[in-house]
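Coordinates in review
So you can see what is in the structure, the chains are spelled out below.
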Amino acid sequence: MMYYTIMPDGTVKQLNPFTGTEVWAVAGRRGRPVVNEAPSAAKPLAVHTPEDYCSFCATRYFETPPEKSRLIRKGDRWEKLDNLPADRYFETAAEFRRTGNMFEIVTLDYWRKNYAFKPGSARQRWKEEYLANPAGLKHITDIIHYKLKNEGKTDEQIEKMPLADKFAIADAFFGGAHEMIIAKRHFREGSQSESDLFASGDLTEEEHFWYFKLTIDAIQDIISTNRYVRYISVFQNWLRPAGASFDHLHKQLVALDEWGASIQNQINMVREDPNVFNQLGPNFAAHHNLIFAENDHAIAYAGIGHRYPTIEIYSRSHAGRPQEHTDEEILGMSNLVRAVHAAMGERISCNEEWYYTPFDAVYKMPWHVLIKWRVNVPAGFEGGTGIFINPMTPIELRDRMVPQLYHLRDERKISWLRIAEECRVDPNPLKYYLK
Ligand SMILES: [Zn+2]
């Protein structure tokens with residue numbers, strides 16, 4: 001199988017070994033700007049302190065569903081507060097918050113109607129206590145109103161709706177399994193322009209680690225409260241071209257009752273060949289000099305066969321699921337993912353997507369994170385041929401990252417990692433296949 005062919009004219013034909021996606025990077029089209037540089041006329045920012053730019057901002061805690069958890073800092077320590085009553089939201093400053101998503105993709109009703117799922121007693125109790133608190137009751141009433149308005153109901157229709165029906169909607173805020181992890185800041189400290197958004201790469205390594213930890217904690221909690229969940233899609237849409245509704249840093253988790261065709265296929269591949277993720281992952285990338293960074297726990301390279309320029313970051317752990325990683329391993333993954341974001345900068349719209357061994361799989365695949373740059377829009381050619389045109393070759397993508405990573409390391413903005421030629425590229429660097 002020819003996964004990666006560089007034609008004499010420079011066209012790079014690629015076939016994604018795991019998805020079968022056919023992609024060309026065409027020579028001559030590559031001169032087009034692919035990166036959204038600072039718009040020369042970026043609007044000056046009308047600075048608001050504290051921030052109140054969107055519903056995820058720190059003064060607007062009541063514009064999201066109730067908080068399942070928040071992380072706060074006490075000196076050097078991080079502390080997690082679960083199910084905070086509404087009247088205590090403003091007693092502490094949340095570094096990260098975990099809440100339900102007001103507009104679920106896979107709804108609580110889906111689980112109720114298809115599986116007779118009922119939120120457990122702890123969630124029920126939380127809901128009752130939350131509503132027994134006047135601030136909580138007001139919060140829930142307000143966001144139900146907002147949600148119904150958004151869905152096209154008039155004030156009059158909302159007025160007439162029985163209270164029981166309204167509060168049934170609120171069940172999803174407490175017992176649903178489409179969640180968000182929201183970061184604290186909207187713009188960078190001291191930002192002057194509307195393009196100075198606060199991105200993943202602006203978090204410190206410590207903050208980024210806790211961002212990952214809270215996300216992994218949510219994975220663990222969702223599977224322990226809904227036994228029909230077989231996989232949880234974890235992703236971060238950064239900026240509108242990547243599908244984000246707010247330019248405020250956040251991740252999402254969507255629980256599913258199936259693995260999806262792509263994961264199913266990858267598990268089949270790993271059953272056929274337990275080492276396939278090394279062979280067609282880092283080993284292959286190493287042979288083609290696409291690996292550009294690694295630390296003791298993770299490895300990063302330019303991926304092949306993606307519709308968008310895509311960086312792949314793989315965990316080297318024996319464990320196949322994020323929640324089975326040690327803190328040290330999570331930190332290693334987190335550091336490398338953050339380094340990639342920092343090297344890209346905040347202006348490239350991207351999707352960060354997590355993949356890992358499904359909860360009910362007996363064949364292990366490694367935890368890995370794909371960062372897809374949403375800099376091109378697939379068009380008619382792609383629809384007609386099934387061949388996608390990617391505006392950057394994997395080598396170009398690698399070569400954009402390397403100088404930025406050296407620069408960040410020199411400035412001590414990222415912790416030590418091996419870059420480019422320093423990478424050891426040992427064969428079979430991923431250890432997921434070992435018992
Ligand atoms: Zn905001």
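Refer to the preceding data block for the structure.
The present account deals with the structure reproduced in this document.

So, how was this worked out
Residues numbered from 1 in each chain as written. Predicted model: local features only at pLDDT ≥ 70, side-chain atom pairs only at ≥ 80, totals over all residues. Heavy atoms only, no water. Helix = DSSP H or I, 4+ residues; strand = E, 2+ residues; numbered from the N terminus. Rg over C-alpha atoms; globule rule 2.2 N^0.38 Å. Contact = heavy atoms within 4.5 Å. Areas by Shrake-Rupley, 256 points an atom, 1.4 Å probe, with all protein chains shown as cover. Lys, Arg positive; Asp, Glu negative; His and termini not counted. Charge placed at Lys NZ, Arg CZ, Asp CG, Glu CD. Pairing = 2+ DSSP bridges. Core = buried A, V, L, I, M, F, W, Y, C linked by side-chain atoms within 4.5 Å. Buried < 20%, exposed > 50% of the residue type's maximum accessible area, 1.4 Å probe, protein only. Donors = N, O, S within 2.8 Å, 3.2 Å for Na, K, Ca; no water. Tetrahedral: all angles 85-135°; square planar, octahedral: opposite > 155°, others 65-115°. Axes fitted to C-alpha atoms, helices over the stretch in contact; angles between N-to-C directions. Left-handed = near helix turned anticlockwise from the far one by under 90°. Nonpolar A, V, L, I, M, F, W, Y, C, P; charged D, E, K, R; others polar.

Right, let's talk about the overall build of the protein chain for a bit. The helix and strand tally for the protein chain stands at 11 helices and 16 strands. Over its C-alpha trace the protein chain gives a radius of gyration of 22 Å, about what one expects of a compact globule, namely 22 Å for 435 residues. Viewed in the frame of its principal axes, the protein chain has a C-alpha envelope of about 70 × 50 × 50 Å. Partitioning the contacts of the protein chain with sequence separation of at least 6, the portion at a separation of at least 24 is 70%. Only carbon and sulfur atoms are counted for the fraction: they give 52% of the accessible area of the protein chain, which is about 19,500 Å². Computing the positive centroid from 53 side-chain charges and the negative centroid from 58, the protein chain places the two 2 Å apart.

Okay, the pairing of strand S10 (residues 291-294) next. The two faces of a sheet get side chains in turn, since along a regular strand they alternate between them. Judged from the three bridges that link them, S10 and strand S11 (residues 298-302) form a sheet pairing that is antiparallel. For Glu294, the partnering residue across the bridge sits in S11 and is Ile299. The antiparallel pairing of S10 with S11 creates a hairpin that spans three residues between the two strands. Where S10 lies against strand S16 (residues 418-419), two bridges are found, and the strand directions are antiparallel. Of the residues in S16, the one forming a bridge with Glu294 is Arg418.

Here we come to the nonpolar core. Generally speaking, soluble globular proteins have nonpolar side chains that are buried together. By size, the foremost hydrophobic cluster in this structure holds 99 residues, and its most contacted members are Ile232, Ile313 and Trp373. Within the second largest apolar cluster, 21 residues are counted, among which are Ile72, Ala86, Met102 and Ile143.

This part takes up the pairing of strand S14 (residues 368-373). Burial of S14 is extensive: six of the six residues sit out of reach of the surface. Neither face of S14 is left uncovered, since the one carrying His368, Leu370 and Lys372 and the one carrying Val369, Ile371 and Trp373 both have all their residues buried. Both strand S13 (residues 350-355) and S14 contribute to a ladder of six bridges, which runs antiparallel. Residue Asn351 lies in a different strand from S14, and its bridge partner there is Lys372.

Moving on to the coordination of the zinc ion. The zinc ion binds to the protein through Cys54 (SG), Cys57 (SG), His186 (ND1) and His248 (ND1), with metal-donor distances spanning 2.0 to 2.4 Å. The coordination sphere of the zinc ion comprises four donor atoms, whose angles at the metal cover 102 to 126°; the geometry is tetrahedral. Sequence spacing of the donors to the zinc ion: C-x2-C-x128-H-x61-H. Here the residue His186 occupies a position in the loop between strand S7 (178-183) and helix H6 (205-225), and His248 occupies one in the loop between strand S8 (231-238) and strand S9 (250-256), the gap between them amounting to 62 residues. A relative accessible area of 6% places His186 in the buried class.

Moving on, we come to the environment of Lys149. Turning to its location among the elements, Lys149 is positioned in helix H3 (residues 134-150). Residues within four places of Lys149 in sequence aside, it is in contact with Asp155 and Ile158.

Let us look at the environment of Val425. Assignment of secondary structure puts Val425 in the segment after S16. For the pair Val425 and Asn283, spaced 142 residues apart in the sequence, the C-alpha separation amounts to 7.8 Å. Apart from the residues lying within four places of it in its own chain, the contact partners of Val425 are Ala286, Ile291 and Glu294.

To continue, consider the packing of H6 against helix H9 (residues 327-344). Across the interface, H6 lies against H9 with an axial gap of 9 Å and an inter-helix angle of 115°. With respect to the hand of their crossing, H6 and H9 are arranged in right-handed fashion. Two secondary-structure elements touch here, H6 through Glu205, His208, Phe209, Phe212, Lys213 and Ile216 and H9 through Asp327, Ile330, Leu331, Met333, Ser334, Asn335, Val337 and Arg338. Counted by class, the contact of H6 with H9 contains seven nonpolar, three polar and four charged residues.

The residue after Thr49, namely Pro50, is reached through a cis peptide bond having omega -5°. In this structure, Pro50 sits in the loop between strand S3 (22-25) and strand S4 (67-74). Positive phi values are uncommon outside glycine, yet Asn83 reaches one of about 45°. By the secondary structure assignment, Asn83 is in the loop between strand S5 (77-82) and strand S6 (96-100). Even without a glycine there, the phi angle at Leu239 is positive, about 75°.

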